[in-house]
Amino acid sequence: MYKRSFYLATCITACVLILSQCIGRKEDPRGDAFAGDATCSSCHPSAYAAHQHTAHAFASAPAGGHSVLGSFIAPNNSFLFPGNVVVRMEQNKNRYYQSAYANGQLQEQATFDITIGQGRKAQTYLSWHDGKYFQLPLSWFRPVNNWANSPGFPATYPYYKREIASSCFGCHSSYVQYETRFEGVRKTESFRENKVVFGITCERCHGPAQEHVAFHLQHPDEKSAHNITRIGQFTRQQQVDMCAVCHAGLKTPQRDLFEFRPGDRLSDYIMADYFATPAEQSANDVHGRQYQLLTASKCFRMSNTMTCTTCHDPHQDQRTDLTAYTKKCMSCHQPGTANFCTSKEDIKVLQQQCVNCHMPEQPSSVITLLAGGQQQPIADSLRSHLIKIYR
Ligand code: HEC
Ligand code: HEC
Ligand code: HEC
Ligand code: HEC
Ligand code: HEC
Ligand code: HEC
Ligand code: HEC
């Protein structure tokens, strides 16, 4: 009798546990092979915690009060176009809008749905309407800490019709659900609302990891990794390719970038001749070509070991700590050896500033911006990944 109720109790407990697991795990729009970032936190707490503060984590987000960097408070909540047309940021309950008024009359309006960019230089916004994403006419720019016309938009009136392609999400998110249709040769994409995995997540770089998670949940004492790609065993080209998929500037992919898995060859996704373009810093826009510039540098060509992760820890926010990068330079360029700096500067200056002299910030010829009524264009600048002697 006691035995039976014991079995019954165990059985019920087991069922509840299994059920709660099913309910607890939110459906991942990428499919069952993906576990989701939150799952990684239990076994990789430090990588998980650090990653939350990186540019990758903020590369895209649902647009809400905190994720939108620009102001909704007057007088910093508007932008004036010629002809007394003003675009104003407005909030109504939990919805945020960019509304265009001509002589006080509402002309056009769209919601903030998605933010693109952590806002190191700029943040731009997408609005979903009837299966399409449109970029809002105004973006927020850090150099002026204000709203201004989105890059490449007409300067004389607010433009609400710029459609955004899936390739934008290919670099700024981990997944977007969409369908492609052809009308003759014309390709159109139609998006499902809110079917986005925001930010560059763990599995965007590491590949689907549900089998890895399942294995280690079942074998908690196993200390070596199972069912996950080992980046450490890649060739140098494979290691650099998994960053270059998003860090080689804007290009038209031949295949969906969401299908790219660590270890894949980038040349199977993007036509190789794209990478043959001369590595000129002047060809840069905000979408910098770190891959082309770095691989053209002597440091890269004459060492067999340099990759992006020689200097960057993909799980850490390393911004503004330039001395940390100096240490990386000096792992190959040691004082007192023939490979050290030949500048006559004091060694203390040299040690603090390798990056400023050999990877200077250079003005971009492509991005200039006009802010709220101001007529002075401000040139954007980018850190050059062409490591060399600048005179
Ligand atoms: C139940 C525990 C567990 C969970 C959950 C888990 N991992 Fe792991 N993972 C491990 C163990 C154990 C190792 C081997 C020891 C180590 O490298 O930390 C490992 C190693 C790794 C490695 C290193 C592989 C290599 O090169 O050796 C990566 C990458 C990784 N996990 C990614 C992930 C990602 C991404 C997630 C979330 C989707 C995740 N893990 C969730 C247990 C787990
Ligand atoms: C799926 C696309 C994608 C992949 C893959 C990717 N990145 Fe990024 N990365 C981005 C985007 C987008 C940003 C800019 C985010 C922003 O500023 O809003 C970024 C920003 C960065 C930054 C600037 C950080 C900062 O503080 O501003 C560094 C450094 C970087 N990535 C390095 C890497 C390295 C190294 C790899 C490979 C291990 C890599 N990325 C792989 C998309 C990607
Ligand atoms: C090939 C990958 C790629 C594509 C496609 C791409 N981006 Fe980016 N984007 C990046 C990377 C990488 C950065 C970080 C800047 C850098 O490279 O120095 C960035 C930076 C930005 C920034 C500035 C972020 C900041 O923190 O200052 C904005 C805004 C932005 N992108 C918007 C867009 C929009 C809108 C689209 C689509 C129309 C788009 N991007 C398409 C990779 C991409
Ligand atoms: C931008 C791409 C990128 C993202 C995003 C990313 N990783 Fe990694 N991860 C890498 C690379 C590249 C390596 C290999 C590092 C090296 O070469 O030193 C790595 C190594 C690892 C390792 C093994 C070595 C170590 O540092 O412990 C683990 C575990 C890991 N990642 C887990 C995660 C988890 C968990 C997340 C999400 C919270 C994550 N990664 C997000 C690129 C990424
Ligand atoms: C993985 C090793 C490695 C790292 C890390 C490294 N370099 Fe180099 N670098 C080299 C090699 C190898 C050469 C070629 C030396 C030669 O000409 O024999 C080189 C060449 C150079 C040159 C001369 C370039 C020219 O065109 O004449 C400069 C300047 C330089 N490095 C600066 C730096 C700076 C600054 C850093 C850090 C941001 C750095 N390096 C990081 C390996 C490295
Ligand atoms: C020799 C060291 C070194 C290597 C190798 C390297 N970077 Fe960087 N990277 C830097 C430094 C230094 C900065 C400036 C950081 C800052 O200003 O906080 C930087 C900045 C960046 C940024 C921010 C853009 C900007 O304009 O500030 C991105 C994105 C980036 N790196 C991506 C990459 C990618 C992708 C690779 C591999 C193709 C790579 N880096 C290889 C040293 C390096
Ligand atoms: C104040 C600017 C400045 C700083 C800081 C600086 N360099 Fe240099 N570096 C130069 C100049 C200029 C040259 C060329 C000197 C000459 O030969 O006329 C040079 C030359 C070099 C060379 C080429 C040597 C050769 O074989 O021709 C290397 C490598 C190098 N620097 C590495 C570094 C490293 C590593 C650091 C940081 C520890 C550093 N530099 C800091 C300005 C600087």
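A. Looking closely at the site of ligand 2. Around ligand 2 sit 19 residues in total, of which His56, Gln118, Cys243, Cys246 and His247 are the nearest. Between ligand 2 and His56, the relevant distance is 2.8 Å, taken from a nitrogen atom to a side-chain nitrogen or oxygen of the residue. Note that an oxygen atom of ligand 2 is positioned 2.6 Å from one of the backbone N or O atoms of Gln118. Elements that contribute at least two residues to the shell around ligand 2 include exactly helix H4 (166-172) and helix H7 (236-244). When residues of the shell around ligand 2 are assigned to their parent elements, the largest contribution, 3 residues, is made by H4.

B. Here's a closer look at the coordination of the iron atom of ligand 4. Within the first shell, the iron atom of ligand 4 binds the protein through His206 (NE2) and His315 (NE2), at distances of 2.0 Å. Classification of the site at the iron atom of ligand 4 rests on its 6 donor atoms, whose angles at the metal span 85 to 178 degrees, yielding the label octahedral. Here the residue His206 occupies a position in helix H5 (residues 202-206), and His315 occupies one in the loop between helix H9 (298-302) and helix H10 (322-332), the gap between them amounting to 109 residues.

C. The arrangement of the coordination of the iron atom of ligand 2 in detail. Those protein atoms acting as donors to the iron atom of ligand 2 are His56 (NE2) and His247 (NE2), and they sit at 2.0 Å. Taken together, the 6 donor atoms coordinating the iron atom of ligand 2 span angles of 87 to 179 degrees at the metal, a pattern that classifies the geometry as octahedral. With His56 in the loop between helix H3 (45-51) and strand S1 (60-62) and His247 in the loop between H7 and helix H8 (290-295), this pair connects stretches of sequence that are 191 residues apart.

D. Up close: the side chain of His212. Within the secondary structure, His212 is located in helix H6 (residues 210-218). In this structure His212 comes out as buried when scored by relative accessible area, which is 13%.

E. Broad picture of the sheet that holds strand S5 (residues 105-111). Here we have 4 strands laid out as an open sheet, ordered S2-S3-S4-S5, and antiparallel in their pairing. Both outer strands of the open sheet, strand S2 (78-81) and S5, are each paired with one neighbouring strand and no more. On average, each strand axis in the sheet is inclined to that of its neighbour by 25 degrees, with strand direction left out of account.

F. Structural view of the side chain of Ser127. Turning to its location among the elements, Ser127 is positioned in strand S7 (residues 122-129). With a relative accessible area of 4%, Ser127 lands in the buried category. A distance of 2.7 Å separates a polar side-chain atom of Ser127 from the backbone oxygen of Thr111. Beyond its immediate chain neighbours, meaning those up to four positions away, Ser127 contacts Ala110, Thr111, Asp113, Lys132, Tyr133, Phe134 and Leu136.

G. View of unusual backbone geometry. In the segment running from Ala74 into Pro75, the intervening peptide bond is cis, with an omega of 5 degrees. Tracing the sequence through the fold places Pro75 in the loop between S1 and S2. A positive phi angle is found at Asn84, which is not glycine, with a value near 60 degrees. Among the structural elements, Asn84 can be located in the loop between S2 and strand S3 (85-92). A positive phi angle, close to 55 degrees, is found at Asp130, a residue other than glycine. With respect to the helices, strands and loops of the structure, Asp130 is situated in the loop between S7 and strand S8 (132-135).

H. Quick peek at the pattern of salt bridges. Taken as a whole and judged by the stated rule, the model has 7 salt bridges. With a shortest N-O distance of 2.9 Å, Arg30 and Asp28 are connected by a salt bridge. According to the relative accessible area criterion, Arg30 is buried, its value standing at 15%. Overall, the relative accessible area of 13% leaves Asp28 in the buried class. For the salt bridge of Lys161 with Glu108, the shortest nitrogen-to-oxygen distance reads 3.5 Å. Note that Lys161 is positioned in the loop between strand S10 (146-149) and H4 and Glu108 in strand S5, a separation of 53 residues in sequence. Sharing partners across several salt bridges, the network here consists of Asp28, Arg30 and Glu203.

I. Quick peek at the site of ligand 5. What surrounds ligand 5 is a group of 17 residues, the closest being Cys299, Cys329, Cys332, His333 and His358. Elements with a contribution of two residues or more to the shell around ligand 5: H9, H10 and helix H11 (347-358).

J. Structural context of H6. Along H6, the residues that are buried comprise His212, Val213, Phe215 and His216. Seen along its axis, H6 keeps its buried residues to an arc of 165 degrees; they face one direction. For H6, the exposed residues lying more than 90 degrees away from the buried face are Glu211, Leu217 and Gln218. Contact partners of the buried residues in H6: helix H2 (37-40).

Rules of the game
- Residues numbered from 1 in each chain as written.
- Chains lettered and ligands numbered in written order.
- Predicted model: local features only at pLDDT ≥ 70, side-chain atom pairs only at ≥ 80, totals over all residues.
- Heavy atoms only, no water.
- Near = heavy atom within 4 Å.
- Polar contact = N/O pair within 3.5 Å; in protein donor to acceptor, adjacent residues only side chain to side chain.
- Helix = DSSP H or I, 4+ residues; strand = E, 2+ residues; numbered from the N terminus.
- Donors = N, O, S within 2.8 Å, 3.2 Å for Na, K, Ca; no water.
- Tetrahedral: all angles 85-135°; square planar, octahedral: opposite > 155°, others 65-115°.
- Buried < 20%, exposed > 50% of the residue type's maximum accessible area, 1.4 Å probe, protein only.
- Pairing = 2+ DSSP bridges.
- Axes fitted to C-alpha atoms, helices over the stretch in contact; angles between N-to-C directions.
- Contact = heavy atoms within 4.5 Å.
- Salt bridge = Lys/Arg side-chain N within 4 Å of Asp/Glu carboxyl O.
- Arc of directions from axis to C-beta.

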